[in-house]
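Structure at a glance
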Amino acid sequence: WAGIGTALGLPLATIAPAVLLAPVAIFALLAVFLPGARRAIPSLAVALGGIATAVLASHLHVAVSGSEAVTPWIGGALSLYWLGLVGAAVVGIDAIAPAGVLTGLITVIAAAAAVIPLLAVPLLGTGSVTGAQSARLLPALVQAQAEAEPGIGTLVLTAQADGSLRAEITRDAGTTLDETSTLVTTRSQVRKQDAALVELAGNLASLSGYDPEPALNDLRIAFIVVPEVPDAATGPQASVRQRTSEALDATAVLTPTGSTPLWEYNGLAASGAAAPRPTTIGIAIPIAQGVVFLLALLLAIPTRRRRRTVRELGPLEADPADTFDEDDDA
């Protein structure tokens, strides 16, 4: 709606959705005062719980991603809010029958019109979320080496907009979504390996006499990547990346790979370091998931078939409530 408003010279970004969704809100509120209010109140309570959860989640910082705080996703809470609101609106529309058919149709058409621009965004290619140009998470050299030697790590040093430097280690061809853990990313205490990573990244990004070989061998890091900053990025972010690249070029044990933002450490193969072993949590989580799946599967399997026994009664014993139709199971 913001793009349409800009083209027409009208402030439609907030006015248009509010006007088109107003019938849903009106009928949801009227349902409290119309016949059947007992059915609408639980739905409004669900809506209130959903919007309260969304507001609370938007102010709850559970993790950090570089220099930015990360909050829980509020999409689920907003879906719960709309579910309750729509449920109450349906009760309100049903209470004003026979006019409910026409008003319900108008409400549905208006609500559909409110989301039409969102449905058109992917088709027009104007959305801020687009498909990746390449499925490659790391340079091709890293992926090829990972196939030959599983378990090697790549240190990714990403310059942040506030002048800080984000450091993370990815294994093999890169970290995917199903390999991330909320338990790890939202931890409140710094682990020993985190402190070692911070020390290594800070010294690699600065010109010093620090010897990174022991840390690189302990963490099994074979490559270091410094991603490019956006073309529009200036100031601290660009200067931090430039300083980091110059410091890596000056490190004797690292070999730059042409003009790509990739440096290779060749001493890892000779170090004889063993591949990292799975952690206790990494072993326990798949086992727990398997147990839950097995229990759910066992509960879903029927154990026996229940049959209803019909006893033939005499004329004096017959009860009208016990009679069966021809379609009833015997």
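Note: the structure precedes this text.
Let me begin by describing the structure that accompanies this report. As the structure is a prediction and not an experimental result, all values here were calculated from the model.

Points about the overall build of the protein chain
- Of the regular secondary structure elements, the protein chain holds 11 helices and seven strands.
- In the protein chain, buried positions account for 24% of the 330 residues.
- Considering only contacts in the protein chain between residues 6 or more positions apart, those separated by 24 or more positions represent 62%.
- Here the protein chain displays about 22,500 Å² of accessible surface, and carbon together with sulfur accounts for 64% of that area.

A word on the packing of helix α3 (residues 37-58) against helix α4 (residues 75-95)
- For the pair α3 and α4, interaxial distance at closest approach is 7 Å and the crossing angle is 155°. Compared by their axis directions, α3 and α4 come out roughly antiparallel. The chirality of how α3 crosses α4 is left-handed. Counted together, Arg-39, Ala-40, Ser-43, Leu-44, Val-46, Ala-47, Gly-50, Ile-51, Thr-53 and Ala-54 of α3 and Ala-77, Leu-78, Leu-80, Tyr-81, Gly-84, Leu-85, Gly-87, Ala-88, Val-91 and Asp-94 of α4 form the full contact between these two elements.
- Residue classes in the contact of α3 with α4 are distributed as 13 nonpolar, five polar and two charged.

Considering the packing of helix α2 (residues 12-30) against helix α5 (residues 100-124)
- Packing of α2 against α5 leaves a shortest axis separation of 7 Å and a crossing angle of 135°. Taken together, the axes of α2 and α5 are oblique relative to one another. For α2 against α5, the interelement crossing comes out left-handed. In this structure, α2 uses Leu-20, Leu-21, Pro-23, Val-24 and Phe-27 to contact α5, whose residues at the interface are Thr-103, Thr-107, Ala-110, Ala-111, Ala-113 and Ala-114.
- The residue inventory of the contact of α2 with α5, partitioned by class, reads nine nonpolar, two polar and no charged.

Considerations on the pattern of salt bridges
- All told, the structure shown has three salt bridges when counted by the stated rule.
- Of the charged contacts, one joins Glu-168 and Arg-166 as a salt bridge, the two residues approaching to 3.6 Å between their closest N and O atoms.
- Accessibility expressed as a relative area gives 29% for Arg-166, which makes it partly exposed.

What about the pairing of strand β4 (residues 165-171)?
- Looking at chain direction, strand β3 (residues 153-159) and β4 are connected through seven bridges and run antiparallel. Across the sheet, Thr-154 pairs through a bridge with Thr-170, a residue of β4.
- The hairpin formed by β3 and β4 contains five residues between the paired strands, and Gly-163 there has a positive phi angle of roughly 95°.

Let's talk about the nonpolar core
- Core analysis: the largest hydrophobic core is formed by 23 residues, its most contacted members being Leu-155, Leu-200, Leu-204, Ile-221, Ile-224, Leu-248 and Leu-254.
- Of all the secondary-structure elements, those providing two or more residues to this core are β3, α8 (192-204), α9 (213-218), β5 (221-225) and β7 (262-265).
- Counting residues per element, this core draws most heavily on β5, at five residues.
- Listed in part, the 10 residues of the second largest apolar core include Ala-28, Ala-40, Leu-85 and Ala-88.

Rules behind the numbers
Residues numbered from 1 in each chain as written. Predicted model: local features only at pLDDT ≥ 70, side-chain atom pairs only at ≥ 80, totals over all residues. Heavy atoms only, no water. Helix = DSSP H or I, 4+ residues; strand = E, 2+ residues; numbered from the N terminus. Buried < 20%, exposed > 50% of the residue type's maximum accessible area, 1.4 Å probe, protein only. Contact = heavy atoms within 4.5 Å. Areas by Shrake-Rupley, 256 points an atom, 1.4 Å probe, with all protein chains shown as cover. Axes fitted to C-alpha atoms, helices over the stretch in contact; angles between N-to-C directions. Parallel < 35°, antiparallel > 145°, perpendicular 65-115°, else oblique. Left-handed = near helix turned anticlockwise from the far one by under 90°. Nonpolar A, V, L, I, M, F, W, Y, C, P; charged D, E, K, R; others polar. Salt bridge = Lys/Arg side-chain N within 4 Å of Asp/Glu carboxyl O. Pairing = 2+ DSSP bridges. Core = buried A, V, L, I, M, F, W, Y, C linked by side-chain atoms within 4.5 Å.

Everything listed here is a matter of geometry and, on its own, says nothing about what the molecule does.
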